[in-house]
Structure formats: structure tokens, C-alpha cells
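What follows is the residue order along each chain.
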Amino acid sequence: MELINITLPDGNVKQYPKGTTGLEIAQSISEGLMRNVLAAKINGEIWDATRPIFADSHLQLLTWKDTEGKATFWHSSAHLLAEAIEALYPKTKFGIGPAIEQGFYYDIELPDGKMLSQEQFEEIEKKMLELARQKNTYQRTEVSKADAIQYFTEKGDEYKLELIEGLTDGQITFYQQGNFTDLCRGPHIPNTGFIKAVKLMNVAGAYWRGDVTRKQLTRIYAVSFPQEKELKEYLTLLEEAKKRDHRKLGKELELFTFSENVGMGLPLWLPKGTLLRERLENFLRKAQVKAGYSPVVTPHIGSKKLYEISGHWEKYGKDSFQPIYTPEEGEQFLLKPMNCPHHCEIFASKPRSYKDLPLRLAEFGTVYRYEQSGELHGLTRVRGFTQDDAHIFCRTDQVKDEFGKVIDLVLYVFRSLGFSEYTAQVSIRDKSDLGKYLGDPADWEMAEKGIEEVALEKGLNIVIEEGEAAFYGPKLDFMVKDALGRKWQLGTVQVDYQLPKRFKLEYIGADNQKHCPVMIHRAPFGSLERFIAVLTEHCAGDFPLWLAPEQIAVLPISEKYHEYAHQVLTALEESDIRGYLDERDEKIQRKIRDAEVKKIPYMIIVGEKEQAEGRISIRKHHEGDKGSTTLEDFIGQFKTEIAHVKQ
RNA sequence: GCCUCUGUAGCUCAGCUGGUAGAGCAACUGACUUGUAAUCAGUAGGUCGUUGGUUCGAUUCCGACCGGGGGCUCCA
């Protein structure tokens with residue numbers, strides 16, 4: 001019998017008969033491994049674990065722990081979903097059914113224009129599990145294009161036929177499990193029995209091939225797991241996320257609201273939310289002054305001309321809020337969608353020398369952008385928002401250094417706010433299509449290299465994304481991971497060679513010649529709205545002490561101690577500690593409960609004892625009674641607790 | 001914009017198959033004067049998102065519009 005060499009991930013080489021499968025190799029290692037193998041990675045390519053191997057190969061067995069193993073599992077689950085739907089609703093047509101980040105979906109079209117609703121979920125889930133228990137194998141067959149076309153013509157599935165049209169004859173495969181056959185590249189898990197838990201999440205409309213001009217299919221989102229327990233954990237996580245939803249907490253904690261009369265996507269900041277916002281602003285303002293930024297203020301509207309110069313009108317104009325006109329002359333103005341053109345004009349307001357650079361202009365600039373109604377979402381997608389914007393005008397040779405300084409600032413912001421896990425995504429040019437980028441290739445080269453170098457120097461965990469750069473320059477985006485492990489894109493830093501040219505910006509260099517500066521756009525928060533949304537969900541509404549809109553609640557035991565309570569509150573306010581006094585005729589238990597629900601970090605309880613001894617009793621949110629202390633000591637501790645943040 | 005779900009008092013929600021609405025909390029009034037997560041009683045509060053239609057009659061059925069949620073990039 002002929003043997004082949006299989007190299008395992010640890011470097012060991014073992015010999016197996018030609019035609020052996022990943023599954024058989026797993027079995028030779030251990031029975032337990034065999035039960036967990038979902039797919040096999042052969043020389044970097046993912047295969048069915050049941051597909052025979054005929055040549056010497058590097059092999060990695062994929063399980064649920066591997067991202068690719070999960071993806072295979074979910075993709076196979078999508079087939080199971082389709083099988084169940086076909087069994088329940090014959091003549092259903094199928095689009096595509098891929099695995100996604102968390103689960104999978106299948107785009108389908110039910111016969112006779114019928115729609116699917118949540119009511120049918122249970123029935124489908126039941127069917128899926130029933131089919132899963134049959135432990136049907138996923139059978140791979142290679143088919144000719146003609147046979148593939150014949151099969152789906154007979155089945156009457158024009159979506160699959162369209163997909164086949166785009167494929168090359170000789171590279172087409174079908175997979176069959178039970179009575180369901182699907183056009184599929186694979187790979188798949190060994191059999192449906194691996195799927196122990198399924199849950200349909202929701203249905204949504206999705207255009208065929210993402211094209212708005214084409215038919216909208218029904219997309220069914222679902223997740224599946226190899227163990228019932230994992231589904232439960234996943235659902236618990238979703239519940240936790242729901243509890244932390246910034247829209248829910250924003251309402252409960254009275255941070256912001258929306259009004260139909262004001263307009264959708266236009267947040268109204270309530271007093272407590274405004275306090276939070278202002279603290280964030282002041283915090284960054286202070287850090288920016290220290291980092292050499294100059295605050296500026298520009299109007300909320302700008303002449304349409306300004307945006308014609310910047311190019312934004314041409315690029316975004318038709319999808320934007322439309323111009324407003326002056327009554328007499330009919331001049332056109334736009335609600336500003338960007339602060340950069342205004343800042344460019346500030347740069348241009350007087351002659352600049354190379355010695356003036358870098359010039360860093362910062363503004364908490366509120367901008368307005370038209371988002372499609374369906375895109376709006378709480379504070380994360382809105383039509384009016386405030387960017388913690390700044391533009392750094394510098395020389396080409398200063399780009400790297402300035403980039404480094406911006407990274408320092410962003411990291412300082414993240415650390416101060418309790419985001420400890422973050423990565424940086426560096427977006428550079430698509431090397432195969434350099435023509436579409438504006439600016440001197442040599443400058444690009446220098447900037448791309450500089451960004452990567454400086455990001456690594458700063459110890460950032462970076463991911464390079466080729467082809468993701470904007471046409472006007474490379475960029476770096478910060479992704480943070482929140483307390484539930486969800487990823488959010490926050491701060492961004494972008495190099496721009498384009499805008500300074502369009503505005504004909506110039507400075508006099510050491511050579512007494514005119515030069516065009518480079519511009520760096522940057523926003524550590526991104527937008528205050530989005531940032532506060534992410535922060536709220538990250539800390540579940542328990543804001544860091546220095547940010548909490550109300551830091552303390554003074555709770556007198558009864559009316560008799562109101563005067564003493566007033567004295568305490570006044571003393572705290574004089575030390576810049578913000579809080580409120582609960583003077584209601586309620587029992588102390590009630591006052592405490594209400595303060596806990598409002599997530600007030602500290603409660604100060606004063607009654608007979610405290611008044612007599614000139615002390616206060618402390619209770620901490622989530623932690624309970626902390627005993628009594630003097631006012632001075634408490635203020636001292638309080639200050640120490642927030643000292644790490646320069647406010 | 002499109003698909004889908006959804007819209008009842010300030011908030012959270014109940015209201016079976018059509019007969020013009022109910023609870024808890026909040027608010028207000030009063031009593032209680034309180035020791036570490038909800039004191040008791042009373043009062044008030046809604047043209048059931050808007051607007052057409054079906055019907056003797058609609059919060060309940062149908063349509064349109066408005067708002068909210070989920071989704072519309074993940075390529076067999």
C-alpha cells in the first residue's frame with residue numbers, strides 16, 4: 001500500500017495510507033479528537049474532514065475552537081436550515097447561505113410569494129434538530145456544469161442557476177445531506193449530528209446579491225452550536241447586551257432623548273447627559289492644549305462654494321441634506337458635514353512659515369449628515385453629531401512624528417476611560433491599483449511606512465488592511481473591545497494629501513519656496529455621541545467616578561437632619577464634587593434603592609449619629625455600607641480616586 | 001429608500017375570537033419621621049401613533065402615512 005507523509009502542526013511527520021481522510025487521522029490520534037473534528041486544513045486550504053488525501057500534506061485538524069472550524073460548522077448549519085425549510089415548504093428557492101461572524105444566514109424565497117415570520121421559527125428549529133439527529137453525512141460530488149444546470153432547472157431555482165453561470169465547468173461541486181442537495185464549494189462538517197442546538201434569530205429583507213435594483217429575498221439569521229450549553233451561554237450574553245443597550249440606559253439614566261418633532265436621528269441631550277458630555281469634552285480639551293492644539297470655533301453652515309472646493313459637494317452632495325438659500329440673493333449654504341474645509345480656511349487666513357508647523361486646529365464641531373432612515377440607530381448612527389475633530393497641518397517630514405503624538409493622545413484617552421483592549425487597523429493602498437490614489441507615491445510610501453513603524457513603536461497591536469486606504473491618504477483606525485468582548489471602531493487618524501491641494505494651502509519653506517502642507521485628520525472619540533454610546537454599554541451605565549453626572553447622593557435619615565445634610569452637600573460642592581440631596585419624606589431604604597438604581601457611585605447617609613459626631617456614613621454603589629468617616633477624609637479619598645485623570 | 005417586526009397613561013406592560021380600556025411604578029395630596037435596595041392610603045392621568053376604509057359598531061380587521069427595533073457588505 002502506498003503511503004503519504006502528513007505533517008502535523010507541531011512539526012511531526014506521520015505516514016498514512018494514500019487516500020486517508022482527516023477524520024481517520026484524527027481517529028489515529030485519539031477518539032476524542034475524532035468526535036470534535038469539524039474540518040481539515042490541508043496545506044492552508046480548508047477541506048471536508050471526510051475528503052481523502054492523496055499527496056504529502058501539511059494538516060491541521062479544525063475544531064469548534066478554531067474560527068475556521070466554527071465557520072464550517074455554521075455553513076453546514078445553513079445547509080441544515082435549508083433542508084428543514086425545503087422539507088416544510090417544498091418549492092422554496094434558495095439564494096446564498098454563508099457563515100457570518102456570529103452564526104449564519106440563508107436567503108430564501110418561499111413559493112407563491114409567502115413570507116416567513118417568527119411564528120414559524122419553532123417549527124423550523126424543531127425540524128432542523130430532527131434532521132440533525134439523523135446524522136446524515138454531507139456528501140461531496142463533483143458535477144459538470146451541464147449537469148448542475150440541469151439539476152437546478154428541473155428544481156426551478158433561478159438563483160442557483162445564476163450562481164452556476166458564474167462558475168467554471170470542472171470546478172463545480174454539490175453537497176448532499178439527507179434529501180437536500182445544494183450547490184456548494186464546501187467544506188462541511190462530517191455529519192449533521194454535530195449540530196446539537198439551533199436558534200433562529202430574525203428575518204430580514206436582503207436584496208439578491210446586495211443589489212437594490214433586484215428582488216428582495218427573505219434572509220433568515222440563525223446560530224447553532226455543538227452543545228446545548230453553548231447556546232444558553234450565547235443567549236445569556238445577548239440578554240446582558242440588551243441590559244446594557246445605551247438606548248435603554250440613556251432613557252433610564254436620563255442622558256438623552258429623541259423627539260419626533262425635532263426629527264429622527266437628532267439627539268436631544270438632557271441635563272445629565274450634557275454633564276457627561278461636557279466632562280468628556282473638558283477632559284480632552286485639557287489634554288489637547290497640553291499636546292499643542294489650538295482650539296478654534298467655526299459656524300454650523302458654510303457656503304456651498306466651500307464644499308465645491310473641498311470636493312465634498314461633488315462626492316456626497318446628492319446624498320446629503322440639500323442646500324439652504326438666503327431669502328434675497330438666493331445664495332446657497334450647506335449644513336456642515338465636515339469641519340475640515342473650515343479649518344483649511346483658517347490655515348489660509350495668513351501666510352504660514354515652515355516654522356509655524358505643525359499647526360494643530362481643534363474643534364468640537366457639530367456636523368450634519370443625511371443618513372438613510374433605516375440606518376439610524378440610537379446614538380451610534382445619527383444625523384447630527386459632534387466630532388472631537390482636529391486637523392494637523394504639517395510638513396511631509398513631520399507626518400510620522402505627529403502620528404505618534406496622536407497615538408499617544410488616543411491611548412491616553414482610552415486608558416483614562418477603562419478601555420484596555422484595543423487594536424489598530426492600518427489601511428494602506430491597494431498595491432495592484434495604485435492609479436486611483438491621489439498624491440505623490442513617494443509621500444504615500446513614506447506615510448504608510450511611517451504609520452506602521454510608529455504604531456509598532458507605540459506597542460500597538462496592528463492589522464494591516466491593504467486596499468482600505470481612502471483615495472486621499474492612508475489611515476489608522478482604533479478598534480476597542482468592550483466588557484462583553486464586542487468590537488467597536490472609535491478613534492481614527494487619517495493622512496490627507498488631497499484637501500490642502502484643493503484649497504491651495506501653502507507655507508514658505510526653509511528654501512524660501514512655497515510648499516503644500518500635509519493634513520492629518522484625527523478624532524480620538526470619533527464622535528461624542530458614538531463614544532458615549534459605546535462607553536455606556538462598556539460600563540453598563542456605571543460611569544467612572546470622574547465622569548458620573550451625579551457623583552454622590554446625600555441621604556438624610558429624616559427631616560431632622562436636612563440642615564446637616566445641606567452643610568455636607570455644600571462642602572462637597574465647594575470641592576467640585578457633584579451630587580444631590582434627597583429630601584423626600586421616604587425611608588432611608590427607599591432613598592438608597594433609588595440612588596442604587598440611578599447608579600450613583602457614592603451615597604452619603606446622615607442621621608442622628610453622624611450629626612452628633614460631625615461625621616458622614618458612606619455607601620458605595622454595588623458594594624454597600626462602607627462605615628463612617630469625616631467629610632475631609634472622604635473628600636481626600638474621592639480626589640485620590642479620580643487623580644489619575646487630568647480634568 | 002427597501003424588507004420585516006412593532007407603536008395602548010411619563011415609564012414597563014395586560015387587554016381571548018371587533019361592543020369606545022386596565023395593572024405596577026412615576027406624578028400629585030395626606031398620614032408616617034424613618035438607619036443601608038421599594039411605608040401606607042387617596043387623587044389625577046389615555047379621542048389606544050396619525051389617517052382613510054370594512055362594519056350597526058374598531059384599540060382590536062384591511063390600506064396608507066409617521067415613529068421605533070432588526071436587516072439590506074459577509075458571496076455557491
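Structure first, text after, so check above.
Note that the structure is predicted; figures quoted are calculated from it, not measured.

Student: In this structure, what is going on with the overall build of chain A? I would like to understand it.
Tutor: When its secondary structure is counted, chain A shows 20 helices and 36 strands. By principal-axis analysis of the C-alpha atoms, chain A measures approximately 90 × 75 × 60 Å. When the 647 residues of chain A are sorted by exposure, 51% land in the buried category. Considering only intrachain contacts with a sequence separation of at least 6, the fraction spanning at least 24 residues in chain A is 68%. For chain A, the accessible area works out to roughly 31,900 Å², and carbon and sulfur atoms hold 49% of it. Across chain A, the 86 positively charged side chains and the 99 negatively charged ones have centroids separated by 1 Å.

Student: Would you take a moment to explain the packing of aromatic side chains for this structure?
Tutor: What characterises a pair of aromatic rings is the spacing of the ring centres plus the angle enclosed by the ring planes. A full pass over the atoms with the stated rule returns 28 aromatic pairs. Ring geometry for Y105 and Y221: centres 5.5 Å apart, planes at 55 degrees, overall tilted. In this pair, Y105 sits in strand β10 (residues 103-109) while Y221 sits in strand β15 (residues 216-225), placing the two residues 116 residues apart along the sequence. Of the aromatic side chains, those joined through ring pairs into one cluster are F414, F419, Y422, F478, F525 and F531. Sitting over the face of the ring of Y105, R219 holds its NZ or CZ atom 3.7 Å from the ring centroid.

Student: Sorry if this is basic, but what is going on with the protein's contact with RNA strand B here?
Tutor: In the vicinity of RNA strand B there are 53 residues, among which L183, R185, Q216, S373 and R590 approach most closely. Taking the atoms of RNA strand B that fall within 4 Å of the protein, sugar and phosphate contribute 54% of them. Contact between RNA strand B and R185: a phosphate oxygen at 2.4 Å from a side-chain N or O atom of the residue. Interatomic distance of 2.8 Å between a side-chain N/O atom of H377 and a phosphate oxygen of RNA strand B. Only β9 (99-100), β14 (197-207), β15, α8 (246-252), α18 (588-597), α19 (608-613) and β35 (616-620) provide two or more residues apiece to the surface near RNA strand B. Residues that form the surface near RNA strand B fall into these classes: 19 nonpolar, 14 polar and 20 charged.

Student: I keep staring at the sheet that holds strand β34 (residues 602-606) and nothing clicks. Help me out?
Tutor: Across a sheet, strands are paired by hydrogen bonds formed along the backbone, either parallel or antiparallel in direction. Here five strands make up an open sheet; going across it, the order is β33-β32-β34-β35-β36 and the pairing mixed. Here the strands that pair on one side only, and so sit at the sheet edges, are β33 (579-581) and β36 (624-629). Going from strand to strand, the sheet's axes swing by 25 degrees on average, the running direction of each strand aside. With five bridges connecting them, strand β32 (residues 552-556) and β34 associate as parallel partners. Residue pairing for β34: L555 is matched across the bridge by I605. Running at roughly 170 degrees to β32, α18 makes contact with β32, β33, β34 and β35 of the sheet.

Student: Is there a simple way to explain the nonpolar core in this structure?
Tutor: In a soluble, globular protein the nonpolar side chains are often hidden away together inside. Core analysis: the largest hydrophobic core is formed by 81 residues, its most contacted members being F403, L417, I552 and L572. Here the element with the most residues in this core is helix α13 (residues 399-416); it accounts for nine residues. For this core, the two domains that each supply at least three residues are domain 3 (267-298 + 337-539) and domain 5 (552-641). Among all residues touching L417, those that are not within four sequence positions of it are L280, F283, F525, F531, L535, H538, W546 and L547. Core analysis: the next-biggest nonpolar cluster, separate from the first, contains 38 residues, I85, L116, F225 and Y234 among them.

Student: Teacher, can you tell me more about the pairing of strand β28 (residues 487-496) here?
Tutor: Regular strands place side chains that alternate from one sheet face to the opposite one. Counted residue by residue, β28 has eight buried out of 10 residues, so it is predominantly covered. Note that strand β27 (residues 475-481) and β28 share six bridges and pair antiparallel. Along β28, the bridge assignment pairs L476 with V493. Here β27 hands over to β28 after five residues, with G485 in that stretch at a positive phi of 80 degrees. Strand direction decides the pairing type here: β28 and strand β31 (residues 518-523), joined by five bridges, are antiparallel. Within β31, the position partnered with Q494 by the bridge is H521.

Student: What exactly am I supposed to notice about the state of the cysteines here?
Tutor: Taken as a whole, this structure holds zero disulfides when the rule is applied. This cysteine, C516, is not joined by any disulfide, and C344 carries the nearest cysteine sulfur, 9.2 Å off. The exposure class assigned to C516 is partly exposed, which follows from its relative accessible area of 31%.

Student: What am I meant to see in the pattern of salt bridges here?
Tutor: When the charged atoms of two side chains lie near each other, side chains of opposite charge can form a pair. Tallied over the entire structure, the rule returns 47 salt bridges. In this structure, the salt-bridge partner of R214 is E162, at a minimum N-O distance of 2.8 Å. Here the residue R214 occupies a position in the loop between β14 and β15, and E162 occupies one in helix α6 (residues 158-165), the gap between them amounting to 52 residues. One salt bridge in this structure joins K405 and E402, with 3.8 Å as the shortest N-O distance.

Cut-offs applied
- Residues numbered from 1 in each chain as written.
- Chains lettered and ligands numbered in written order.
- Predicted model: local features only at pLDDT ≥ 70, side-chain atom pairs only at ≥ 80, totals over all residues.
- Heavy atoms only, no water.
- Helix = DSSP H or I, 4+ residues; strand = E, 2+ residues; numbered from the N terminus.
- Buried < 20%, exposed > 50% of the residue type's maximum accessible area, 1.4 Å probe, protein only.
- Contact = heavy atoms within 4.5 Å.
- Areas by Shrake-Rupley, 256 points an atom, 1.4 Å probe, with all protein chains shown as cover.
- Lys, Arg positive; Asp, Glu negative; His and termini not counted.
- Charge placed at Lys NZ, Arg CZ, Asp CG, Glu CD.
- Phe/Tyr/Trp six-rings, centres within 6.5 Å; stacked < 30°, edge-to-face > 60°.
- Lys NZ or Arg CZ within 6 Å of the ring centre and 35° of its normal.
- Near = heavy atom within 4 Å.
- Polar contact = N/O pair within 3.5 Å; in protein donor to acceptor, adjacent residues only side chain to side chain.
- Nonpolar A, V, L, I, M, F, W, Y, C, P; charged D, E, K, R; others polar.
- Pairing = 2+ DSSP bridges.
- Axes fitted to C-alpha atoms, helices over the stretch in contact; angles between N-to-C directions.
- Core = buried A, V, L, I, M, F, W, Y, C linked by side-chain atoms within 4.5 Å.
- Domains from an automatic or database assignment.
- Disulfide = S-S within 2.5 Å.
- Salt bridge = Lys/Arg side-chain N within 4 Å of Asp/Glu carboxyl O.

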